[in-house]
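Now for the letters of each chain:
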Amino acid sequence: MAELDPVIHAQARLRIMSTLAALGAEAQVSFPRLQQLLDMTAGNLSTHLRKLEDAGYVTVTKTHNDRTPATYAALSAPGRRAFEDYMTALRALLGEGS
Amino acid sequence: MTDRHDPAAASPDHDDDAPMTPAEMLALSRRQEDRVEDFFQMPTTIIVLTWGVAWTVGFLALWSASDASPIAVPAGPAGAVFVILMVAGIIISGVVGMRTGAGVKGPQQVQARIYGITWALGCLAVPMLAGALFRAGMSAEVAALYFPAGYCIVVGILYLFGAALFSDRSMIVVGGWILSIGIVAPYFGTPGNYLVMALAGGGAFLVYGIVLLVARARRSAGARNRG
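Residues numbered from 1 in each chain as written. Chains lettered and ligands numbered in written order. Predicted model: local features only at pLDDT ≥ 70, side-chain atom pairs only at ≥ 80, totals over all residues. Heavy atoms only, no water.

In the annotation of an unreviewed UniProt entry, chain B is listed under the name DUF1097 domain-containing protein and assigned to Labedella gwakjiensis.

Taking an unreviewed UniProt entry as the reference, chain A is identified by name as ArsR family transcriptional regulator belonging to Labedella gwakjiensis.

Here it is as structure tokens:
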């Protein structure tokens, strides 16, 4: 049986990965919008995003929107694969198909 | 829009580094996906219900001002109600659409933005064409047939375009229905076409809005059962 990826196998990080995956391929989401979709504090979200970024699952881009700094997060290609593998492993553990 | 509060999804800040059982983790992921879907679906519901009210009340007001109506409403106030409701509908749709799209960038969002701009252009095309038709001698009676039909055809086709863009089957039904009303309503003549627009057009939006609300309630009930 496949091991569950420890980077994703934490409540907060699974929710972040699920959100980014649900937004569609190549979608970049701003930090405040992500915070709103997850109902997380800024500090908590930063901590978990950094762990996902360190694992190469999430890319964090800092840009400027009319001079105000803006941070966007997106699922990377390896991140998308890792999330799919994690969900497959989870369903396999539960004996669910698909 | 943080109106939905289930404990596990809404207050993750305590002990959220800890994993739960596989079943709980799967439910948590699905709840979060539902929450994201709900966030982007809710504005559609608001826009559909807004137009449902605007068309039903607006066209009923126009019809009430005609001789066919049992209650005699003066034409001036009836026309004003109609124009105010249409302008309010455009403003509400625009604001809700822009606020939802803010903070997300990507190919799907570019598609959605083009779609939104197409709505604005399509709705602008109807009065612009009317200007030329008026110059060519279109009478008030013909205009009364042209405007509702013109908007119905634009809105119907935009819904069908949306169905193709977002692979949304419910939009095929709504788009097809609204397009049919646009084609059929003028044959009722004025003021009968106003009544068709109010009941069949506005009514269709209201029914569709309620269908979306029921689907949402079912989704959140399902999420609670899974969690």
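Student: Tell me what's going on with the overall build of chain B, and back it up with residues and numbers.
Tutor: A count of helical and extended segments in chain B gives seven helices and one strand. In chain B, the succession of α and β elements from N to C terminus is α-α-α-β-α-α-α-α. The principal-axis extents of the C-alpha atoms in chain B amount to approximately 75 × 40 × 25 Å. Scored against the burial criterion, the 227 residues of chain B give a buried share of 40%. In chain B, the share of contacts with a sequence separation of at least 24, taken over all contacts with a separation of at least 6, comes to 70%. Carbon and sulfur atoms provide 72% of the accessible area of chain B, an area that totals close to 11800 Å². Taken together, the 14 basic and 14 acidic charged side chains of chain B have centroids lying 5 Å from each other. (Helix = DSSP H or I, 4+ residues; strand = E, 2+ residues; numbered from the N terminus. Buried < 20%, exposed > 50% of the residue type's maximum accessible area, 1.4 Å probe, protein only. Contact = heavy atoms within 4.5 Å. Areas by Shrake-Rupley, 256 points an atom, 1.4 Å probe, with all protein chains shown as cover. Lys, Arg positive; Asp, Glu negative; His and termini not counted. Charge placed at Lys NZ, Arg CZ, Asp CG, Glu CD.)

Student: Describe unusual backbone geometry, naming the residues involved and giving the relevant values.
Tutor: Here Thr190 of chain B and Pro191 of chain B are connected by a cis peptide whose omega angle stands at 0°. Summarising the element assignment, Pro191 of chain B is placed in the loop between α6 (169-184) and α7 (192-226). If you check the backbone angles, Glu26 of chain A has positive phi at about 65° while not being a glycine. Mapped onto the fold, Glu26 of chain A is located in the loop between α1 (11-22) and β1 (28-30).

Student: Could you give an account of the pairing of strand β2 (residues 58-65) of chain A, naming the residues involved and the relevant values?
Tutor: All names here are of chain A. Bridge count between β2 and strand β3 (residues 68-75): eight bridges; the pairing is antiparallel. Bridge pairing links Thr59 to Ala74 in β3. Hairpin connection, β2 to β3: the antiparallel pair is bridged by two residues, and Asp66 has positive phi, about 50°. (Pairing = 2+ DSSP bridges.)

Student: Please give an account of the UniProt feature "domain: Winged helix DNA-binding" (unreviewed entry) in chain A that cites residues and values.
Tutor: UniProt annotation of "domain: Winged helix DNA-binding" (unreviewed entry) refers to residues 13-93 of chain A when read in the numbering used here. Secondary structure across residues 13-93 of chain A comprises 59% helix and 23% strand; the distance between its end C-alpha atoms is 19 Å. (UniProt positions renumbered as here; feature names shortened; annotations may be inferred.)

Student: For the packing of aromatic side chains, give the residues involved together with the corresponding values.
Tutor: Under the defined criterion, the tally for this structure stands at eleven aromatic pairs over all chains. Arranged with centres 5.0 Å apart and planes meeting at 75°, the rings of Phe39 of chain B and Phe40 of chain B form a pair that is edge-to-face. Using a relative accessible area of 27% as the deciding quantity, one classes Phe40 of chain B as partly exposed. Cluster of aromatic residues (ring-pair linked, three or more members): Trp55, Phe59, Phe82, Trp119, Tyr159, Tyr194, Phe205 and Tyr208 of chain B. Directly above the ring of Tyr72 of chain A sits Lys105 of chain B, whose terminal nitrogen or CZ lies 3.9 Å from the centroid. (Phe/Tyr/Trp six-rings, centres within 6.5 Å; stacked < 30°, edge-to-face > 60°. Lys NZ or Arg CZ within 6 Å of the ring centre and 35° of its normal.)

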